[in-house]
Structures are given as C-alpha cells and as structure tokens.
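Each chain is listed here by its residues.
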Amino acid sequence: MADVLVCVKRVPDITEEVVLSEDGLSVDGRRSGFTMSAHEECAVELAVQATAASGGQATVMTIGDAEAVEQLRNALAVGCTAATHVLGEPFAFGPADVASEIAAVVRDHEAEGRSHDLVLLGNDAADSGDFQVGIRLAYELGRPVVNGASTVVIEDSPEGPVVVAVGEGPEGQETYRVTLPAVVTIREGGVEPRYPSVPGRLKAKKVPIEERQPVAEPKGGGRVKMTLPPPTPSAVTILGEGPAAASAVVDVFEKLGVLAK
Amino acid sequence: MAEVPGSARCVVIGAGIVGNSLVHHLAKLGWTDIVQLDQGPLPNPGGSTGHASNFIFLTDHSREITDLTLDSVEQYKELGVFTQCGGFEVARTEERMEELRRRMSSAKAWGIEAEMVSPEFVQEKVPFLDKDQIIGAFWQPGVGVVDSLRAGTIMRERAIEAGALTTVPNVEVTGLDVEDGRVRRVHTDKGTIEAEYVVIACGVWSPKIGDMAGVSIPLTPAVHQMISVGPCPQLAGETGEITFPIVRDMDTFCYERQHGADMEVGSYAHRAILMEPEDIPTIEQSKLSPTELPFTEDDFDTQLEQAYELMPELLGADGAEIRYAINGLLSLTCDGAPILGESHVKGLWTASAVWIKEGPGVGRAVAEWMTQGWSEIDLASSDIARFHEHQKRREHTRLRTTESFIKTYGIIHPNEQYESDRDQRRAPMHESQQKLGAFCFETAGWERPHWYESNAPLVEQYGDAVMPREHEWDSRWWSPIINAEHLRMREAAGVIDLTAFQIFDIEGPGALDSVQQTCVAQCDVAVGKVIYTPVLDAHGGFRSDLTVMRLGDDHFRVVTGGAHGPADHQWFADHLVGGATITDRTDDVSTIGLWGPKARDILASLTDADVSGEGFPMLTCREITVAGVNVLASRISYVGELGWELYVDMADAPTLWQALLDTGDSHGTVPMGIGVYGTTGRIEKGYRAYGMELDAERTIVEAGMQRPKVKAADFVGKEAYLAQRETAPKAVLCTLTVEDHTSASGVKRYMLGGEPILTRDGGTLTDGHGHHPYVTTAGSAPSLGKHVLLAYLPVEQAKIGTELAVSYMEELYPVVVGSVDATPLFDPSNERMR
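Heads up: these notes are all about the structure in this document. Bear in mind the structure is a predicted one, so any value in this text is a computation, not a measurement.

Helix and strand counts for chain B come out as 20 helices and 39 strands. By its C-alpha atoms, chain B is 85 × 70 × 50 Å across when sized along the principal axes. Taken over 834 residues, chain B has a buried fraction of 57%. The contacts in chain B between residues at least 6 apart in sequence include a share of 74% that link residues at least 24 apart.

Here is the structure:
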C-alpha cells in the first residue's frame, strides 16, 4: 500500500500575458487568477493513480497563504486523501526554505506513523522557476531523487517496493528504478490530469486540512528582481475565408502534427 | 496608419448580440454608411455574448422586457439559430409555488403558453431530476436556446451584404469628441472617424466609453458563475445543442441546462461580485476572454451541493467532470432594466445592459427609435433619460446591484423597496414626517411617506371600512392606514407632501411655442391658468401626462411625476424653439397638497386671499400668502376633492406644512401619504397614471381621454392623434370592481396589479391589437367599499355591467365593468371638487 506526498504551490495563471508585481519580485495574479503549475497537476494525477491502484494514501501539501487552500482542495477534489497546509507568505520562502519545510512535514508525519514512501514535486514552479526544491529535499532526507520524470509507477521487487520513473533525457527515454523511499520531480506531458467530479469536489470540502506553522524563519531565495522580456510580436496570417481556406488549414494542422498525412 | 473609415453616418461600438442586431436593423430601415467597431476579433470579440448560456425563458413580470424577449425569439427563429427545448421553473417551497402562480398570471397577461405542472410531469421530461426535491413547477414549452454568436454573424453579414456596413474588429476606441452638445467623432487606435451618430453597444465596457463623452451609463459588470459538467453517460447519445428542457431551480437561484453531453450549472446565488469596467482585463491578459474570469470556487460551494441534490445520478456519474468553470461577466443596473436611447449628448446613443434574451428585440427597437423617434415596443423603462443625478453615481449602481443580484431568481413583491443607498433626497419637512411615523417609499431618490403610523388610531375608528387584508402577500408593503387616511380625507381633509414632483420652467420668447408643440392641450391660455395635458410621441403614443401652469406671457411651469421627471425634462428640452430656455426648479420648490371638503376652510383661515369658488376657480393658479409664506397655489386635484397644490420655496416648506397640519387639526385633518394620492384617491376617480395605464403603446382614444376638440396649433403626434380619433379603438380602458374576494381556502385575496382579466369562466380575452387584458392598477376604493381594477378591455367587453373574472394566484374572482371611459366611479359629476 503506497503512501505518496505530493507538493504543490499556488501560482498565478500565466497562460496569457504575465504581469509583474510593482516591486518586481513576483508575478501579479490578481487579474489572471491562480492555479497550480502544470507540472504539479501531473504530479497530483500520478500520486492519485499510484495510490488508488494500491488503496494507499495520497497526501497533498503546500506552503502558502490562506488562499492556497484552494489548490489543496483542488487536489483533494481529484483524489488526494489528505492535505497539509504550511501557512506562510510564499514569496518569503527560497528553495532551501521550502525543501526544509517539506522535510519537516515528512519527518513529523513519519513520527506520527505516516511514512511518505514517495515524495512527488513539480519540476519547477510556474512563477519562480528555481528548479531546486526536489534535489535539496532529497539531500536533506537522504533519499535518492529522479528529476524531470513524466510518469511514475510503484512496483514491488525482491528488494522491496520501487518507483519506476520514466522521462525524456537528452539521449531519449530514460527509465529509473529506485528503491523507496525516494523523491521524484515531475514534468508535464506523461499523464492527462483529470478534472474534478461533482462528488469529488463536494467530498474535498469535507476533508480536514492539517494546518501548521513553518518550522524555521525563511531565509528567502535571494531574488533581487524579475524583468519581463520584450513582448513577442504576434504575427497573424489570414489563411483565407470560407471553404476556400480549408486546404490551407489542413496544411497547418499537418505541420503541427495534429493531423497525419 | 488609418485603418478605419474617415467618416460614417453612424458608428456602432460593439459587435456582441446588441451591436450586431442594431446594425442589421439600421440597415433594414435604410441606414447606410454604418461603421461597427470592436476591440476584439470576430466572431467572438470577448464580451458577455461569447460566454452566455444562451437560453431564453419567456415570461418576465415586466411587459416591456417580455415583449423584447418575444420579439427576439421570433428573430432568432428567423435566423435559424433557435432550438426549442421547453423550460421548467421548479419550486422547492410553497412560497415559491405562489410566486410561480404569479408567473402564470404574467404568462397569461402577455400571451405566453405556460402551465403549472407536477413533479412527476417534470421528471418525465427530465428523467435525471430527483422529483422528491420539488413540489411543483411552472412549465413553458416555448423556452429554447440560441446560438447568439451565429445570430450576430448572420445579422452583421446581412448589413454588409446590403452595402450598409463596414465592420472593423481589433480596434480600440480611445475618445469621443463632443462639440456644441453633439457627438462629432470617434477616436480609435487606428484612426479617427467623423460621425453623425454614435451608439455605445459594448456591454460591460459601456460606462468607460460613455465617460469619454461625459455620459453616465450606470451599469456594473458583475460575475455570474457557471460550470459545465460532463460528459454525462446519460446524455451520451445526445447530439446538437439541447434535447432536454432547461431547469431553473428557483429556490437555490441556480439553473441546469443540458448542452450536448454536458450539463451546465449556473448560479445567481453567490455574493454579488462586482467589478469596475476599467478593471476588466485586456484580451492579452485573459486566459479565456476578458469576460470569462477565473472561477472562485468558494462562492459556488452551496450551489454545487444543491445542484447535486437535484440531479445526483447525472452530476455524480462516472466520468462526468467539471471541465469548465468561469466567473462570467454580465451587466447589471440599479433597477434591472437595460440602458437604451439617446443621451443628453445629441447623436450619442446607448444600447447597453442587455441580455441575450432581449438582444435582437432591443436592436430592432433602438433602430426604430433612432430612425423615426419611437419604437413599436415602448422602451420607457429602459430609457437612459430616466436616471436622476443620484442614480448616475457608480456607488449607487454598486449598492443597488449588490442588493438585487441575489434576487435575480428571487421572489420580489411588486411594491418591494430597496434598502440600500436610501435617503438621497429628503423633503424639507422630513423631520416632522419622521415624528409622525412616516413609512417611506422611495421615488426618484426622495423619501416619500406612503402612510403615517400616527394615523393608526383611525384604522380602529373606521373598522372594516379600511378593507383590511388578511393574506400576508396582499398586505406586504401596504397598510390599512392608507385607507383610513383616504376616508379621513373624504370626510375632512388631508395634507400631503409632493416634494418629489419634478418641476421645470420654460421661459423666453419661444416659451409658448415650445409648450404648444409639446403638449396636446391648448396652452395658449390666460396667464394663471392650469392645464392638464397628455404629451405624445410622433406616433401618437403617450410620452407623459402632466400639468402646465402659465405664469406669464413667456413663462410656463411644468409639473410632472418624480419617477419620470428626467425623461420629461429631456423631452421638453429637446423640443424647445424660438430661443426658449428650460430651468429645473425641482430642488428649489417643494409642493404640498391640501384636499378634502374642509380644504377651503383651512386655507381661508391661513390666508387673506380670496379662496372662494368664484375667487379661486378650478384649474387656476396664483401667488398668495399662506401662514406668512409666499405660495404659488394651484387649484387642481388628483384625488377628486376640493383643494390645492401649494408650491413653496424649500426653505419655507416646513412652516407651511406645520401651519396646515396645526390649522387642519381642528378640522379633523391628517397628514396623508402617497398611498392615497397614487392609488386609492386616484382610482376612485378613474384618473390614469403614466407608466400604469398610459404608455407609448396606448392612445388618448383608448385611454378614454379625448376631448371634443383638437387645438389648431401643431404639436408632436397631432397627425397620429387625429387619425386615432377617426378610427374605432382596438381596446378601451375600463374600471372594474371585484365582486367576491373569497379564495378556495376561504381567505379573502386582493389583487395588486398585473393580473389577467378573463371571461367569467376563465376563457382568454383578446383585444384588437392581439393583446390580452391585464390589470394596470389595482387598489382599494374605500369610499366605494370595493377593490378596483383598471384594465384595457376588448371593445366587445367594454360595456358597463359586463361580468368577467380576474385570475389571481391561479384562482378566478368575479369582476364587473363599472366604467368604460374616464367617468369616475366615485362622485361621477365631480361635485366634490367644486
């Protein structure tokens, strides 16, 4: 029976135009709304699949302000079974701070008898993009880590349970078999995250969320300022009008690979 | 580089359902050289049309909105984008059932096929609904869904094919030039357009564009939450838009609308989430569209639970997921009506705060209005000219819509008063009124006493003559004190605050010509005469009815109701000739009415002036001193009693008010409220009221208000009026009395207005217009001991003594026609006014 901890972060939805906060230290999500990164949505999906198969526990955790409970509930709505909320101003936490807070949660849960065999994280957060937390966490917990996997499956082996993590490497597909406990960071693309169902959403409302304070004063990430790249000029090509445009549209689809020749 | 035409006869800003419909109808009416702009791409530029749930329920309690909806449905059908599916409004409570019965009344009055049905009936048509959750439903088979984007495209293309229209998408309006009170040109990020007419039809962005010309378009963007759940296996075989009827779960303020294999759940139950137009994200900043904002889940919690309760098997089915959830923006106004018509900036029109169900109808009506000065469907309730200054504040819209949003599916009493942003305007004697226990209704921002608790002892005194109402709904926003005040007025006298009147002076050499050509009645009268007159549009429909006093050769004073005051003011301002000026005096002048058999005695004891019948005849006015205060007294009556309207400086009003009350006291006089003035006193005399009996779809002849002669001078609507006089009316305004109030349960019920008039056995009546008769005003006539109804009846039924029925809450009550013209039921020879 697998026990997975999946870590998510409330981030501004940056699908469209990115707006920076006035101090340039964060992305302003007031108009775009908030979400969790696509990598983390896939991590949640993998956690749910891995535990559902074995009837195990998938715990979701976040570090964030009160509003971040929305992301926890979203993860609960698609199948996570427990949630932990470390209350804190997310921008104050650098990658090392985040790693040690997660490690503290893992240790404390272990002390309570819940040992998270597998910790899943997103490859990087959509707003800060530090790419560090997974490795730092593994180091702190003394666990093996696989970075940038797009699928994970927990399997039994003669040596005990292992996680099979598959991802794209520079030379092609890479497959890692790592004995648990382990840490894996997830890149989007390997699974299709599900949407919540109505009963799932309703059930999620009722799950008690463990709230805790950070174990240490965050030291921060040392970020000085973010700047936006110049906007990419958008070139619109009119392919034609009416039925006459059909073949041009087909050509574009073929080029994009959504239609096979 | 200029990418927009350099000039246009008409620029329409917005390519949503309203703008598209408008350009289509303008082109149909012969307009050419129209330029339509939108900041977004076509066919979905990103406004509210693009995310609408697109279903149309037909019945609204407002005739205007219903007629616009019915016209829109006809247009959508003609465009081939209407799919009929039927619709239920389901009730979970008995209180809601009563409201649905009231909906039946409106459906019958407006000629819409509808019936009350059982939970089993609903479940038969919507098998995935749990019938145990509901106790009944209001079924309208004619409900359907439309493809509003496709409709807009077709309409736009028709105008383009007619050679009348150039549409330019992806262009942002950056400014409007106004010179000499007229709109002149439109600035955009792609060039400037010289324009004779500009129409703001850009929904939630309209206030921002209006501000560019100094025009307040008081609407607010507000969030309506919607989710889509699917694919539902129960709907897997369904192709196309919709096959199952739409369900409005009225008590949870939600709807469930099937869309292919998905079920959309929309809500009006959450807190009002309002935005400023300036804060709407740009197209570039938006993930979906500027009006599809990120969903805020917490606001939807309860509704989700309730929807699941109603359709557990469907919404909980395996594989059914919440795949789309938005906070969609739509437009709300302080009174719920659209904002249409020409602004105070000439040539600058608005067609805003319109929903999908009214879009094409509004397009047609506004195009007609722009073309000929009137529209087939009367748009008075939606006229942008209706707003008073206090209503033009964004704060007012914010507060009122915050209060009303949650009532979108609410049960709203016809006399229900808003709670927010009250006390905007107070009569100078407000303090005294408070001490007298005034229960105030709001009119035009004024706090107007509707009755006085100080008169409560009279209720006991008059006993059953006050016609008490035992049913809570009938007596809500009502008090038997109104009827007691009425009886006391008829017995002695009443003093009434009429400060809310809108008053304006027309002065200068062109003053006579100005009022002559605006009013139907002869205004070339001696100085000191008072004129009651209808005001018509070019089509001969009512724009207003009001009084005019000739105060000098070149000086006329117009007095009209507060509610419709700004529109009347604009109408007169638009028809000034010969250098005449118009000056609003509303905030300078208070009006106090004094009526009743003792009125003359009371006034005489407060003035040295001759107020005898000979010394101060009916329909005359002059300045006199009353209680040491200078007063313009006008001998006129709207309640059928001897008496005066006393116009007085605001500063002097408290003195006059107190003197009248003090002196009146020994004559048995009491302060009385608008309940008497507006309803009981008025209808006993058969007096018509604008907005109730009189509107732009009614004529002087049908209203029974024609005089033997028509003045020689020209006036707006004269040609039409002369033609009306030569034609037999298609409907006749009648006064009816209710013969028996006893309902099946034994409780006596009292109609409030809006109910259909049927044959004695419940058969439908239809007048020469194809309309069905309904009650325009209902109220007590305490001096007759009857409940009186006014209604336009078909000519065949308009005979004294005709026995008919009124349907109230789906029960029939016998009524009898008492008058078929303006002859009052009470004091028909007007003896008491002499």
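As a further point, take the environment of Ser-780 of chain B. Residue and element names in this part refer to chain B. Position of Ser-780 relative to the elements: it lies in strand β36 (residues 775–781). Residues Ser-780 and Thr-737 lie 43 residues apart in sequence; the distance between their C-alpha atoms is 9.7 Å. Not counting residues up to four positions away in its chain, the partners in contact with Ser-780 are Met-467, Asn-483, Thr-680 and His-787.

Residues and elements named next belong to chain B. Most of strand β18 (residues 321–333) is tucked away, with 11 of its 13 residues classed as buried. Here 12 bridges tie strand β13 (residues 219–230) to β18, and the two strands are oriented antiparallel to one another. Bridge pairing in β18 places Ile-227 opposite Ala-325.

Our next topic: the sheet that holds strand β38 (residues 803–808) of chain B. Residue and element names in this part refer to chain B. An order of β35-β38-β39-β34-β37-β36 is seen for the 6 strands of this open sheet, with the pairing classed as antiparallel. The two strands at the open ends of the sheet, each matched to only one other strand, are β35 (757–759) and β36. For this sheet, the mean angle separating the axes of adjacent strands, direction not counted, is 40°. By the bridge criterion, 6 bridges tie β38 to strand β39 (residues 811–819) in an arrangement that is antiparallel.

Our next topic: the interface of chain B and chain A. By a widespread convention, an interface's size corresponds to the accessible area lost as its parts come together. Taken together, the contact between chain B and chain A spans 19 residues of the former and 18 residues of the latter. Only β17 (292–294), α7 (301–310) and β18 of chain B provide two or more residues apiece to the side of chain B that touches chain A.

We now examine the sheet that holds strand β11 (residues 182–186) of chain A. All names here are of chain A. With respect to topology, 7 strands assemble into an open sheet ordered β7-β11-β6-β1-β4-β5-β12, the strand pairing being parallel. With one partner strand each, in any of the chains shown, β7 (145–149) and β12 (209–212) form the two edges of the open sheet. Each adjacent strand pair in this sheet contributes to an overall mean axis angle of 20°, direction not counted. The strands that helix α3 (residues 95–111) touches are β1 (3–8), β4 (57–64), β5 (82–87) and β6 (118–122); relative to β4, the one it contacts most, it runs at about 140°.

The angle between the axes and the distance between the axes are what describe a pair of packed helices. All names here are of chain A. Contact geometry for helix α2 (residues 69–77) and helix α5 (residues 198–206): axes closest at 8 Å, N-to-C directions at 130°. Here α2 lies oblique to α5, going by the angle between them. The crossing of α2 and α5 is right-handed. Only Gly-200, Arg-201, Ala-204 and Lys-205 of α5 make contact with α2, whose side of the interface consists of Arg-73, Leu-76 and Ala-77. Of the residues that constitute the contact of α2 with α5, the class distribution is 3 nonpolar, 1 polar and 3 charged.

Residue and element names in this part refer to chain B. Where helix α14 (residues 480–491) meets helix α19 (residues 674–684), the axes come as close as 9 Å, and the angle between the chain directions of the two elements is 75°. Classified by the angle between their axes, α14 and α19 sit roughly perpendicular to one another. Residues Ile-482, Asn-483, Glu-485, His-486 and Met-489 of α14 form the contact with α19, whose own contacting residues are Gly-675, Val-676, Thr-680 and Gly-681. Here the residues of the contact of α14 with α19 sort into 3 nonpolar, 5 polar and 1 charged.

In this section: the environment of Asp-513 of chain B. Residue and element names in this part refer to chain B. Looking at the element boundaries, Asp-513 is found in helix α15 (residues 511–518). Asp-513 sits in the partly exposed class, given 19 other C-beta atoms within 10 Å. A sequence separation of 10 residues divides Asp-513 from Cys-523, and the C-alpha atoms of the two residues are 8.9 Å apart. For Asp-513, the contacting residues outside a window of four places in its chain are Val-577 and Gly-578.

Residues and elements named next belong to chain B. Among the 8 residues that make up strand β37 (residues 786–793), 8 are buried, leaving the element largely enclosed by the rest of the structure. Burial of β37 is two-sided: the residues Lys-786, Val-788, Leu-790 and Tyr-792 facing one way and the residues His-787, Leu-789, Ala-791 and Leu-793 facing the other way are all buried. The pairing of strand β34 (residues 732–738) with β37 spans 6 bridges and is classified as antiparallel. Directly across from Leu-736, in β37, lies its bridge partner Leu-789. As judged from the 6 bridges shared by β36 and β37, these two strands associate in the antiparallel manner. Looking across to β37, one finds that Val-775 is bridged to Ala-791.

Residue Pro-181 of chain A is reached from Leu-180 of chain A by a cis peptide bond, and omega for that bond is 0°. Tracing the backbone through its elements, the reader meets Pro-181 of chain A in the loop between β10 (172–179) and β11. Across the junction of Gly-230 of chain B and Pro-231 of chain B, the peptide omega takes the value -5°, indicating a cis bond. Tracing the backbone shows Pro-231 of chain B in the loop between β13 and β14 (246–249). Residues other than glycine seldom take positive phi values, yet Trp-477 of chain B does so here, at roughly 60°.

About the cut-offs
- Residues numbered from 1 in each chain as written.
- Chains lettered and ligands numbered in written order.
- Predicted model: local features only at pLDDT ≥ 70, side-chain atom pairs only at ≥ 80, totals over all residues.
- Helix = DSSP H or I, 4+ residues; strand = E, 2+ residues; numbered from the N terminus.
- Buried ≥ 20, exposed ≤ 12 C-beta atoms within 10 Å, placed from the backbone.
- Contact = placed C-beta atoms within 7 Å.
- Pairing = 2+ DSSP bridges.
- Axes fitted to C-alpha atoms, helices over the stretch in contact; angles between N-to-C directions.
- Parallel < 35°, antiparallel > 145°, perpendicular 65-115°, else oblique.
- Left-handed = near helix turned anticlockwise from the far one by under 90°.
- Nonpolar A, V, L, I, M, F, W, Y, C, P; charged D, E, K, R; others polar.

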